[in-house]
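# Geometric and topological summary
Letter by letter, the chains look like this.
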Amino acid sequence: MTGVDLEDVQRVVLRAGRARHVAHRLVRLPDAAAGLSLLRALAPRVAFGPALTPEGEARLSLGLTIAGLRALRLPGALLTAMARLSPAFVEGAPARAAARCGDTGPSAVAHWDPAFGFTRCHLVLSLDAADAAALRDACGALVRTIAGHRGEVVGVYEGRALGRPPASAGAGVRAGVPDGPAGDDEVWVHFGYRDGLSRRPVRGFPAGSSSPLRQHEPGEAVLGARNDVEANPGLLPGAVDALREFVLGGSFGTLRIVEQQVGRFEATLGRWAADWVRAHGGAIDDARALLKAKLCGRWPDGRHFAPGRFDRPDDARDPRADFDHGADPDGIGCPFGAHVRRMNPRLPAAGGDAFDADRPAHVRPRLLLRRGLPYGDWGDTDRGLLGWFFGARLEDGLEHLLGAWGDRMPLGVAGDADMKDPLIGQHEPRSGDPVFEIPRPDGAPPWTLRGFAPWCRTRGMAYAFHPSRRALQRIVDVRWEPWPEPAVPLP
Amino acid sequence: MAEPLDFDAVFRRESMPAHERTQRLFDWLKDDEERSRFYAWLLQSPRRGTLAFDSRSALELDPAPSQDPPQLGGAVTVTLVGARDDVEQVLADADGSFSNAAYRTLGSGSFMLGLDPSAPAAQDGAAQAALHAEQQRRADDALAAIGADGLRFDRLAQLAVADAFTAGLARPSFDLAMLAEEIGLRYGALLFGFGAQDHALLRQTMAAAYRGLNHLMLGRHFVGEPGTLPAARLALGALATRADALMAEYARLARRPEPPPADYLPHPERRRWPEGVEPPSARGLGDDFVPLLKAWALAPGRLAGGQLGSLAAGMLAGIVGNVQASVCTAVDALIDQPETCCAPDRIGAAVGAALAARPPAPFLPRVVAKDVTLRGSGLRLAAGQQLILCLGAATADRASCPPAPMAVDPLVFGMTARGPAARHGCLGARAIWPLLCHATQQVLALPGLARRIDAVDGTPLKLEKRWGFGAESLPLQYRRERRLVQQPLQVIMRIRTPVATNAAILRRLVADAAPRVQRALDDARHVHFAWFQFVDGDTALALQTVYDGDFDAYVQHFALKVDDIFDQLFEYLEDAPPRPVGEHVEAFVETIRRFHRPPLGGYFYSAYPRTETWRVPGAQGAP
């Protein structure tokens, strides 16, 4: 089993919960003493364990950046261990963004919100709740606590689940959106896609235990447990027990704020749809919906393509049901370069085991636990996604998805090698004018889309270690002095 | 937004010591952003763009050796001139009111910039005017001959950038200041006709010469560097000497081509060029391309060999440093606006705007030769007054319509927009312009280009300049694997003792495991080549491969697929990672990374740099 007591793991890692509203506060600590006193005040409020947060309450999550660990003056041996465990965490998101996540041009670090400065952001404190009132109350209390311990809130980000796009939304955003009110559990994003559908069950986690879907090993989500390839990097071979105890049950969180430039998306989609109609006839709205579906790899309302069918959604299946692309080997339904096919390759299981050694490492599915919600309202100028992700490995998880699968065509996958993820890629002119290919049936040549514009702009990103209950308690108890290790310079 | 600087307070407070005011002024002038704000204030001030300050430079222009009697203190007062009308008046110098004497300290009496062609009335003025005119004519003629083929400068630019990129972009991190310097050096070598063996000399001498230029243009008024100008003189002298020798070689070859030896028939063309100089036809420059040194060697005119060598050295000193500064300035300004400059038809305007905002040579020195009044500011200047022309202030004062085909304010190159032509305008501006545009565009087009990040505070690193001039560093990064998808891996680990016995075991293990390794490589679909071998007298085992894409994913694949084979191999190797490998994948990856020996200088050649393994026709997994 896991070797990790799930009661010790931060709840946000274990389950998405009922979150319809979220508030993030990026906090700078004035000094180690004030930082420790703030953590002491917050530690009892952080939500741990797999239980559902009661309705009417907000869930508090706490993450420490590498600058935060340094600000708290934790032992050098701990920082050295973190460097072994995760170079990305220790180098910090700004240093990794361009080379590992494709954040260049308008998304370059130079243009990020100041809150994400490497030495500015020490804590990522996040509240989420099912209702706005609960979040508001908890947020007020949190901010008072921060101020009471001389913490400085350097960044404020708040978002909420959006329902279906209203009639006033643009034609591209509305394309493929069903009429009528949204279901209670529906979450939509600003480009007009239903979100939150992909479920990645983890063995032993609340939603995973009863899932009929293939399950990841818990070591993909938290440190100290075996992962999908039967390794356990969190064991830190050779480290003293106290270090191992610190990382056990922890998880790396990423807060990534992405502005979505809906106007550009609408304009480009409209141009492509007009081209499609000129060539094939039909209604322009249908063309918009079809092309939107091809870019994403599923229909705007979440339904998958019927296996191997070019333009038919699979009406029979629940959008949340898992599937693989085994029935669509030529990309006739879901193109190879589509967003969902990159982010979750969904290869057919080989030998009955989804993660077994027959699968090359570069196409092995990566677990990324998604907890993000949109920010801004329909029609707002500034709107986008408060991306919030968790996993045991930044380098092999989020960075691999964004850098190796999102920022170019994944290795070994047919299509233009320079084509980035059509929805979230940083489509810069310096990438040339790569082609998004939409394979067609019956031997017809692929339909191609060109002229991608940067529809998303990264406003900032922070890597934060979300410690277990025991690790957090160990920090606030200041039980580090007995350690014999001297402070070791970071590599 | 930066704090407003209180320029008024500094220059109105009589109580502030002059040396402190000078220091404050230096701080503003050498910083690009503060300089812009200072210029805005200067142009709005009652002084109309002029300002006098006490220089730290001694009265005598040539510090070593001084021909004037030494004096106590002896610092001079210098006037900044920033209004466009004033700057253009000084540059045009229609009536010989201004002298370029400051430049003479850089070289002999034939250093072109140090001559005063407009002052025939001055002592030895007529001789200076004649020499300057002849030098200018020789440079103009030779450049015009090259430029007669409308695309020749474009081709030179393409070659220079491609050559510089070969080694300069071997790694994902690079310093644009070094790369841009290399571009300038490669261009200069092609344009003048230097050989491959001259590259080190060019690099050393150009750095010293450009620093000397920067020093006498501005630095000497603020910092004491008695060794800089002598070093620059030595450098220019060394380069002039080499240029002179090469011209002699060009002349000799023109008279009597080297007879091809009997065993050297395949490359007869090479025998017509000095050793190390690649025939232009081999670079696609055409048989009629005549580099400057060859042109001058064949038709020396009225200039002596030493004077031609000096002309070459002086021109090169201007080219390399200014190309470096210009490319860095343009990329620094445009790196986050790729949409404005990746289109070939927009790059010129974008580079022009960037250089107008921050001219690569932002200050030009002059000395007042006779009493004169500046027309724009009305400032009266007495003979002997030293001036610094602030080009960045002048370009900000009033925009000038850029002349075609260069979409740049002429002041950027020390030329006037209207009225009489500048006496010392950049000779090679039209030759250099295609290079600046092409180099900037090629750098900006690098995949994933971004500033490097300061490891301590996480902020993007910016362009560092020396005294507001020469680019010292602009650390950048790019996705190297997008330009050259293949990566070499060479892991060398020492064999444990007893070495001979263990080597024999390793030999057998590798042979036995070959079929499984082969299958793992086939499955990976992104390995081009792989083999094991013994090195260092069979005391170490080397694993060598060429693979595509991401290092971690590649190495992980083998940790997962053939972990047991590596477990066996590591039994006989020193510094092995923890085993079983399959349970310590990260430690395995780090061990491979630690023992990887990258190619020298990072240079790695591929005949198909953008082709992944599985896309190679006939490769395993190819469609």
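Residues numbered from 1 in each chain as written. Chains lettered and ligands numbered in written order. Predicted model: local features only at pLDDT ≥ 70, side-chain atom pairs only at ≥ 80, totals over all residues. Heavy atoms only, no water.

With that settled, consider the overall build of chain A. Per the secondary structure count, chain A includes 14 helices and 13 strands. Projected onto its principal axes, the C-alpha positions of chain A cover 75 × 50 × 45 Å. Out of the 491 residues in chain A, the part that is buried amounts to 62%. Taking contacts inside chain A between residues at least 6 apart in sequence as the whole, the part at least 24 apart equals 71%. By element, 51% of the accessible surface of chain A is carried by carbon and sulfur atoms, the whole surface being about 17500 Å². Both charge centroids of chain A, one from 62 positive and one from 59 negative side chains, sit 2 Å from each other. (Helix = DSSP H or I, 4+ residues; strand = E, 2+ residues; numbered from the N terminus. Buried < 20%, exposed > 50% of the residue type's maximum accessible area, 1.4 Å probe, protein only. Contact = heavy atoms within 4.5 Å. Areas by Shrake-Rupley, 256 points an atom, 1.4 Å probe, with all protein chains shown as cover. Lys, Arg positive; Asp, Glu negative; His and termini not counted. Charge placed at Lys NZ, Arg CZ, Asp CG, Glu CD.)

A few words now on empty space enclosed by the protein. Applying the stated criterion across every chain yields a total of 10 cavities of 30 Å³ or more. Here the second largest cavity defines a volume of roughly 160 Å³. Of the residues belonging to the lining of the second largest cavity, the class tally is 5 nonpolar, 5 polar and 6 charged. (1 Å grid on protein atoms, 1.4 Å probe; cavity = no way out; pocket = protein on both sides within 12 Å on 5 of 7 lines; lining within 4 Å. Points joined across faces, edges and corners; volume = space filled by probe spheres on them. Nonpolar A, V, L, I, M, F, W, Y, C, P; charged D, E, K, R; others polar.)

The next thing to look at is the packing of helix α7 (residues 176-192) of chain B against helix α11 (residues 305-334) of chain B. Residue and element names in this part refer to chain B. Contact geometry of α7 with α11 gives a least axis separation of 8 Å together with a crossing angle of 145 degrees. For the element pair α7 and α11, the recorded crossing hand is right-handed. Every residue of α11 that contacts α7 at L176, A177, A180, E181, I183, G184, L185, G188, L191 and F192 is listed here: A312, M315, L316, I319, V320, V323, Q324, V327, C328 and V331. A per-class count over the contact of α7 with α11 returns 16 nonpolar, 3 polar and 1 charged. (Axes fitted to C-alpha atoms, helices over the stretch in contact; angles between N-to-C directions. Left-handed = near helix turned anticlockwise from the far one by under 90°.)

To continue, consider the confidence of the model for chain A. Averaged over every residue, the pLDDT of chain A is 88; the share at 70 or more is 92%. No element of chain A has a lower mean pLDDT than helix α9 (residues 241-247) of chain A, at 84, and none a higher one than strand β1 (residues 21-28) of chain A, at 98. (pLDDT = per-residue confidence, 0-100.)

Those residues of helix α6 (residues 93-101) of chain A lying buried are A93(A), P94(A), R96(A), A97(A), A98(A) and C101(A). Looking at the buried side of α6(A), the elements it contacts are α5 (87-91), β7 (251-260), α13 (398-406) and β13 (456-466) of chain A together with β9 (450-451) and β12 (475-477) of chain B. Just downstream of α6(A) lies G102(A), where phi reads positive at about 75 degrees.

The subject of this paragraph is the interface of chain A and chain B. Each partner contributes to the interface: chain A provides 45 residues, whereas chain B provides 42 residues. Surface buried jointly by chain A and chain B totals about 3500 Å² across both partners, of which 52% is contributed by carbon and sulfur atoms. For the interface between chain A and chain B, the tally reads 6 salt bridges. A salt bridge links D407(A) to R479(B); the shortest N-O distance between them is 3.2 Å. (Buried area = accessible area lost by both parts, 1.4 Å probe. Salt bridge = Lys/Arg side-chain N within 4 Å of Asp/Glu carboxyl O.)

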